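# Report on the structure
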Amino acid sequence: GIQVEQSPPDLILQEGANSTLRCNFSDSVNNLQWFHQNPWGQLINLFYIPSGTKQNGRLSATTVATERYSLLYISSSQTTDSGVYFCAVYWDGNYQLIWGAGTKLIIKP
Amino acid sequence: DAMVIQNPRYQVTQFGKPVTLSCSQTLNHNVMYWYQQKSSQAPKLLFHYYDKDFNNEADTPDNFQSRRPNTSFCFLDIRSPGLGDAAMYLCATSRDVAPNTEAFFGQGTRLTVV
């Protein structure tokens, strides 16, 4: 089956810093989503981005489907950005989301 | 705002005592999912409904059951909770099944078994 790998596994930054989170996948995908899981456990949709680039405020994402990766950019980090960031994909071989292991982000004040 | 709502946010149950978690949605989506998430892990799909059609994952324990009485509501029943069932339970919806669909999650129910 498809493998989804996220890097780095952990990231600690000072408030105001920028960061790039990466998601690699081993096969062609139909759909890719980025989620933020806050410290209370809620999964928040960030981007639905099977290909191309999208921006939402300080966050942006780029998926290069032909090269099998997606990047999530966070600029001017705030403490509320802390949590775990997951990417998840749908691919032809399965009907369910296949998840990466997540990147745990800690933003220090 | 259209959304996915889970109740309760926190649930404490006794070992072996049946417990029910609920999920409602105002998105009018056809598909509803239940996921289990243990600490520091990605969510794991337990089952999903496409409309009234129930789909159970092969490795979902028989201890877990689900009901979807109408489009808006879905319930997760744990018949005899064990200590290993303590986890975050997440409900999600999507307009259609994969692949060209987007999933939306509720805020989760954190289950503690004592």
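Presented here is an overview of the structure given in this document. Source: prediction; values computed, not measured. (Residues numbered from 1 in each chain as written. Chains lettered and ligands numbered in written order. Predicted model: local features only at pLDDT ≥ 70, side-chain atom pairs only at ≥ 80, totals over all residues. Heavy atoms only, no water.)

## Things to note about the overall build of chain A
Within chain A, the secondary structure is distributed over zero helices and 11 strands. Ordered by position in the sequence, the α and β elements of chain A form the string β-β-β-β-β-β-β-β-β-β-β. Relative to a compact globule of 109 residues, whose C-alpha radius of gyration would be 13 Å, chain A shows 13 Å and is just as compact. In terms of principal-axis extent, the alpha carbons of chain A reach across some 45 × 25 × 20 Å. With 109 residues in all, chain A has 49% of them scored as buried. In chain A, of all internal contacts separated by at least 6 residues, the share reaching a separation of at least 24 is 54%. Just so you have it, chain A exposes about 5100 Å², and 48% of that area is on carbon and sulfur atoms. (Helix = DSSP H or I, 4+ residues; strand = E, 2+ residues; numbered from the N terminus. Rg over C-alpha atoms; globule rule 2.2 N^0.38 Å. Buried < 20%, exposed > 50% of the residue type's maximum accessible area, 1.4 Å probe, protein only. Contact = heavy atoms within 4.5 Å. Areas by Shrake-Rupley, 256 points an atom, 1.4 Å probe, with all protein chains shown as cover.)

## Some details on the pairing of strand β8 (residues 69-74) of chain A
Residue and element names in this part refer to chain A. Most of β8 sits inside the fold, with five of its six residues counted as buried. Strand direction decides the pairing type here: strand β3 (residues 19-25) and β8, joined by six bridges, are antiparallel. Residue Arg22 lies in a different strand from β8, and its bridge partner there is Leu71. Taken together, the six bridges between strand β7 (residues 59-64) and β8 define a ladder with antiparallel strand orientation. Pairing of Val64 across the sheet is with Tyr69, part of β8. Following β7, the chain reverses through four residues before pairing antiparallel with β8; Arg68 in that reversal takes a positive phi of roughly 60°. (Pairing = 2+ DSSP bridges.)

## Quick notes on the pattern of salt bridges
All names here are of chain B. As enumerated under the stated definition, the model contains three salt bridges over all chains in all. Where Lys44 meets Asp59, a salt bridge forms, and the shortest distance between an N and an O atom there is 3.3 Å. With a gap of 15 residues between them, Lys44 in strand β5 (residues 44-50) and Asp59 in the loop between β6 (53-56) and β7 (64-67) connect regions that are remote in the sequence. (Salt bridge = Lys/Arg side-chain N within 4 Å of Asp/Glu carboxyl O.)

## With respect to the side chain of B:Gln6
All names here are of chain B. For Gln6, the position within the fold is in strand β1 (residues 4-7). Here the side chain of Gln6 touches Tyr89 through a polar contact of 2.9 Å, landing on its backbone oxygen. There is a polar contact of 2.9 Å between the side chain of Gln6 and the backbone nitrogen of Cys91. Here Gln6 is in contact with Ser22, Cys23, Trp34, Tyr89, Leu90, Cys91, Gly106, Gln107, Gly108 and Thr109, once residues within four sequence places are set aside. (Polar contact = N/O pair within 3.5 Å; in protein donor to acceptor, adjacent residues only side chain to side chain.)

## Quick look at the interface of chain B and chain A
Listed as interface residues are 24 residues of chain B and, on the opposing side, 19 residues of chain A. With both sides pooled, the region where chain B packs onto chain A buries about 1800 Å², and carbon together with sulfur makes up 52% of that total. Scanning the region where chain B abuts chain A turns up six residue pairs in polar contact (both at pLDDT 80 or more). Those elements that place two or more of their residues in the side of chain B that touches chain A are β4 (31-37), β5, β9 (87-94) and β10 (104-105) of chain B. Top element by residues in the side of chain B that touches chain A is β4(B). It accounts for three residues. Split by residue class, the side of chain B that touches chain A holds 13 nonpolar, seven polar and four charged. (Buried area = accessible area lost by both parts, 1.4 Å probe. Nonpolar A, V, L, I, M, F, W, Y, C, P; charged D, E, K, R; others polar.)

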